[in-house]
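# Results of the structural survey
Residue-level listing of the chains:
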Amino acid sequence: MTVGLTDQAPRQGMWWIGLFLVIAVLVAIRAGIGEGMGRVYVQTESTSYAPVTGDEGRVTWSVVAEGTAGAATIERELFRTAGQYRAAEAASPGQQAIRMSWDRTIGLWLAAFFTLAVFSFLAGDNPAYKFTESIVIGVSAGYWMVVAFWETLVPKLLANLAPDMVKAWCMPNLEGGLFHLDALIPLGLGIMLLSQLTPLGRHVGRWPLAFVIGTFAGLKMVSHVESDIIEQVRATMLPLVVVGDDGSFAVWASLRNMLIVVGVLCTLAYFVFSVEHKGAVGRAARVGVWFLMITFGSAFGFTVMGRIALLAARFEFLFIDWLWLIDPKGDRGMTVVATLVSCIVDMT
Amino acid sequence: MSRSVALLICLVGGLTMLVSPFLPMATGWANDVTDWFNILAAMAFVLGGGSLLKVQLMRLSARGPGWGYSAVTLLAFVVTLWVGLGKVGVVADPSAPTVAWSGKPDDEGSAFWWIYLYVMTPITSTLFAVLAFYVASAAFRAFRAKNLEATLLLATAFVILLGRTFAGVVLTGWLPDWASGLRLENLAVTIMDVFNTAGNRAIIIGIALGVASTGIRLMLGLDRSYLGGDA
């Protein structure tokens, strides 16, 4: 029986451990030279609020000076750059206003580990990638459950069933605040849906599923017919002969409109499978395929560009935020040359 | 009986949404039904989480290969739920500073925000970024200009990729003004505005027609596959 996280051949496992050790050594060397790397700074910002009773007895909270009697104070930690930290230190050595945040710094290093672990999949499946994959599965499921709870279940369901409790608990600005009997319907359907987790729930779960499918079908039919058929057909009804402001014939604009109209009609002809693609229909369908190929080509180009943009963003994260090797925005107040020089000076 | 009621619920739910744009009095019904739909969609996330919990616990108890990864998934899931539902580290909202739970779970500084920023975002964006290598490698192996259609696809992708980069501007920058339409950056714009618009428009219309016909089939009970079994 294979136990735990290692289900690979021992030799392969050793290879990966060796690779990660090499990376760890390189990172340790980088952390020890120059200005170091991968630290996150924060500054605590305090704001005081005092209650103001307006018309109709409604209480609102206004920002007041710190220390005002009866005021409530909220403290938030906000990001500060390494450059701001250095400037504050230069102005007042040992200051505590801007300080290193341990939890955010640990988070930054974890994010770098996860980034490298996912990249490691390019060389083959390995325990670090699988570990990261397992984490993201659990986190994603939890994340969307939490979002669904706070964004939908609390304001749309609980607020209708127990408005006073919800108002006192987490939604002080809740409008209305009346019990709605009809909220019991989605509650009942929801409980039936959740019963699918039990062995007897398969039949009970049909009703909420039917409701979801029926309403979704109706909702999408209306929106698709309105925006995707009517509006698209309307947008295709273009003048084939365009006349400019000075009354002259606009060749390129006319050609453009003609190509769009012909392109849409020919591509739609390709999608009509109830008629055999022969003769005029066949020729139109062939032209439609050409338009489709150009569309797919441009979609492919944009997909590749999008992925490369994401890749660049990940490298920016590694080299700017984590390794502090480059500083294009000047957040750390160090130019590339200054960073390199400080590294070289430290090494020699 | 259970199936008949399910079909009736599907029909009533769908019809309510369909008639709402035409009947002013049905607008309120449609809003209610949309709210219920959103609640059930949120419940579906809970169902998904419960299902994940069940499957991973079964894998964990079976002690099969890689059961440790199931433990990691479970731990990540439980911790995210705990910090998110418990609003760990969330400060009160400025509009109600005395109500401790009034802040949003993903406010800056909260534990849930930390998980999103330092765990979820780097992993998901790197997963998508890694696809760049696989897309490029697949394209290199699959793209062959064997016929007119394949050549069109290849050439378009090439023009779009080059036309949106500085390299494209440099490569065809020497073309005179009267041939400026052939410069890669302008060619990319023309492809997007004319050919891509036409192709996409036809695809969108086709999809919408498909959605409408599938919706009618579902509402009329002609398609009962969602009920499962021998429906």
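If you're wondering where the values come from, they're calculated on a predicted model, not measured in any experiment.

### Some points on the overall build of chain B
Each helix and strand in chain B was counted, giving 7 helices and 0 strands. Counting from the amino terminus, chain B carries its helices and strands in the arrangement α-α-α-α-α-α-α. The globule rule puts the C-alpha radius of gyration for 231 residues at 17 Å, and the 27 Å found for chain B is more than 25% above it. If one aligns the C-alpha atoms of chain B with their principal axes, the spans along those axes are about 70 × 50 × 45 Å. The buried share among the 231 residues of chain B stands at 42%. Here the analysis covers contacts within chain B between residues at least 6 apart in sequence; of these, 31% occur between residues at least 24 apart. For chain B, the accessible surface area stands at approximately 11700 Å², while carbon and sulfur atoms represent 71% of it. Averaging the coordinates of the 14 positive side-chain charges in chain B and doing the same for the 12 negative ones gives two points 14 Å apart.

### Brief notes about the nonpolar core
A:Ile135, A:Val139, A:Trp322, B:Val119 and B:Ile123 are the most contacted members of the largest nonpolar core, which totals 49 residues. Of all the secondary-structure elements, those providing two or more residues to this core are helix 2 (82–91), helix 3 (102–119), helix 4 (127–161) and helix 10 (279–322) of chain A together with helix 3 (67–85) and helix 4 (111–142) of chain B. No other element matches helix 4 of chain A, which puts 11 residues into this core. Look past the residues within four positions of B:Val119 in its chain and what remains in contact with it is A:Phe114, A:Ile135, A:Val139 and B:Trp114. Core analysis: the next-biggest nonpolar cluster, separate from the first, contains 10 residues, A:Ala148, A:Leu157, A:Ala183 and B:Ile39 among them.

### A word on the pattern of salt bridges
A side chain of one charge can pair with a side chain of the opposite charge if their charged atoms are brought near each other. Evaluation of the coordinates by the stated rule reveals 8 salt bridges over all chains. As a salt-bridge pair, A:Arg104 and B:Glu108 come within 3.1 Å of each other at their nearest N and O atoms. Note that A:Arg104 is positioned in helix 3 and B:Glu108 in the loop between helix 3 and helix 4, a pairing that runs across two chains. Take A:Arg104: its relative accessible area is 1%, and that puts it in the buried class.

### Comments concerning the interface of chain A and chain B
Each partner contributes to the interface: chain A provides 124 residues, whereas chain B provides 121 residues. Taken together, the two surfaces of chain A and chain B that pack against each other cover about 11500 Å², and 79% of this comes from carbon and sulfur. If you sort the residues of chain A by the area they bury against chain B, A:Met145, A:Arg206 and A:Met221 come out on top, with a joint share of 6%. Applying the counting criterion to the chain A and chain B interface returns 3 salt bridges. At the junction of chain A and chain B, the tally comes to 16 residue pairs in polar contact (both at pLDDT 80 or more). Grouping the constituent residues of the side of chain A that touches chain B by class yields 81 nonpolar, 26 polar and 17 charged.

### Regarding the packing of helix 3 of chain B against helix 4 of chain B
Residues and elements named next belong to chain B. One way to put it is that helix 3 packs onto helix 4 with a least axis distance of 8 Å and a crossing angle of 135°. For the element pair helix 3 / helix 4, the angle class is oblique. Across from Val79, Thr80, Val83 and Gly84 in helix 3, the residues of helix 4 making contact are Ala111, Phe112 and Ile115. Looking at side-chain class alone, the contact of helix 3 with helix 4 contains 5 nonpolar, 2 polar and no charged residues.

### Let's talk about the confidence of the model for chain A
Summary statistics for chain A give a mean pLDDT of 88 and a share of 93% for residues scoring 70 or more. The secondary structure element of chain A with the lowest average pLDDT is helix 11 (residues 336–347) of chain A, at 62, and the one with the highest is helix 3 of chain A, at 96.

### Some words on the packing of aromatic side chains
Scanning the model with the defined rule gives 25 aromatic pairs over all chains in all. Arranged with centres 6.0 Å apart and planes meeting at 55°, the rings of A:Phe79 and B:Trp113 form a pair that is tilted. Here the residue A:Phe79 occupies a position in strand 3 (residues 72–80), and B:Trp113 occupies one in helix 4, the pair thus bridging two chains. Here A:Phe113 and A:Phe114 contribute two aromatic rings whose centre-to-centre distance is 5.7 Å and whose plane-to-plane angle is 55°, an arrangement assigned as tilted. A network of ring pairs unites the aromatic residues A:Trp15, A:Trp16, A:Phe20, A:Phe113 and A:Phe114 as a single cluster.

### A look at the side chain of A:Thr132
Along the polypeptide, A:Thr132 turns up in helix 4. Among the residues examined, A:Thr132 registers a relative accessible area of 1% and is labelled buried. Within polar-contact distance, the side chain of A:Thr132 engages the backbone oxygen of A:Ala128 at 2.8 Å. With residues up to four places along the chain from it excluded, the contact list for A:Thr132 reads A:Phe113, A:Phe114, A:Ala117, A:Val118 and B:Ile123.

### So, the side chain of B:Lys87
Considering the arrangement of structural elements, one finds B:Lys87 in the loop between helix 3 and helix 4. Buried B:Lys87, no salt bridge; nearest opposite-charge side chain is B:Asp107, N-O distance 7.8 Å. At 2.6 Å, the side chain of B:Lys87 forms a polar contact with the backbone oxygen of B:Gly103. Filtering out sequence-adjacent residues up to four positions away, B:Lys87 remains in contact with A:Trp150, A:Cys170, B:Trp82, B:Trp101, B:Ser102, B:Gly103 and B:Pro105.

### Considering the environment of B:Leu154
Residue and element names in this part refer to chain B. On the secondary structure map, Leu154 appears in helix 5 (residues 148–163). Under the relative-accessibility criterion, Leu154 is labelled partly exposed at 29%. A sequence separation of 121 residues divides Leu154 from Val33, and the C-alpha atoms of the two residues are 47 Å apart. Contacts of Leu154, omitting those with residues within four sequence positions, involve Phe143 and Ala145.

### Focus on helix 8 (residues 206–236) of chain A
Since the α-helix advances by 3.6 residues per turn, residues separated by three or four positions end up pointing in the same direction. Counted at 1.5 Å a residue, the expected span for helix 8 of chain A with its 31 residues is 45 Å, and the 42 Å between its end C-alpha atoms agrees. Maximal helix bending in helix 8 of chain A amounts to about 35°, located at A:His224.

Cut-off values and rules
Residues numbered from 1 in each chain as written. Chains lettered and ligands numbered in written order. Predicted model: local features only at pLDDT ≥ 70, side-chain atom pairs only at ≥ 80, totals over all residues. Heavy atoms only, no water. Helix = DSSP H or I, 4+ residues; strand = E, 2+ residues; numbered from the N terminus. Rg over C-alpha atoms; globule rule 2.2 N^0.38 Å. Buried < 20%, exposed > 50% of the residue type's maximum accessible area, 1.4 Å probe, protein only. Contact = heavy atoms within 4.5 Å. Areas by Shrake-Rupley, 256 points an atom, 1.4 Å probe, with all protein chains shown as cover. Lys, Arg positive; Asp, Glu negative; His and termini not counted. Charge placed at Lys NZ, Arg CZ, Asp CG, Glu CD. Core = buried A, V, L, I, M, F, W, Y, C linked by side-chain atoms within 4.5 Å. Salt bridge = Lys/Arg side-chain N within 4 Å of Asp/Glu carboxyl O. Buried area = accessible area lost by both parts, 1.4 Å probe. Polar contact = N/O pair within 3.5 Å; in protein donor to acceptor, adjacent residues only side chain to side chain. Nonpolar A, V, L, I, M, F, W, Y, C, P; charged D, E, K, R; others polar. Axes fitted to C-alpha atoms, helices over the stretch in contact; angles between N-to-C directions. Parallel < 35°, antiparallel > 145°, perpendicular 65-115°, else oblique. pLDDT = per-residue confidence, 0-100. Phe/Tyr/Trp six-rings, centres within 6.5 Å; stacked < 30°, edge-to-face > 60°. Expected span 1.5 Å × (residues − 1). Bend = angle between axes of the 7 residues up to and from the residue.

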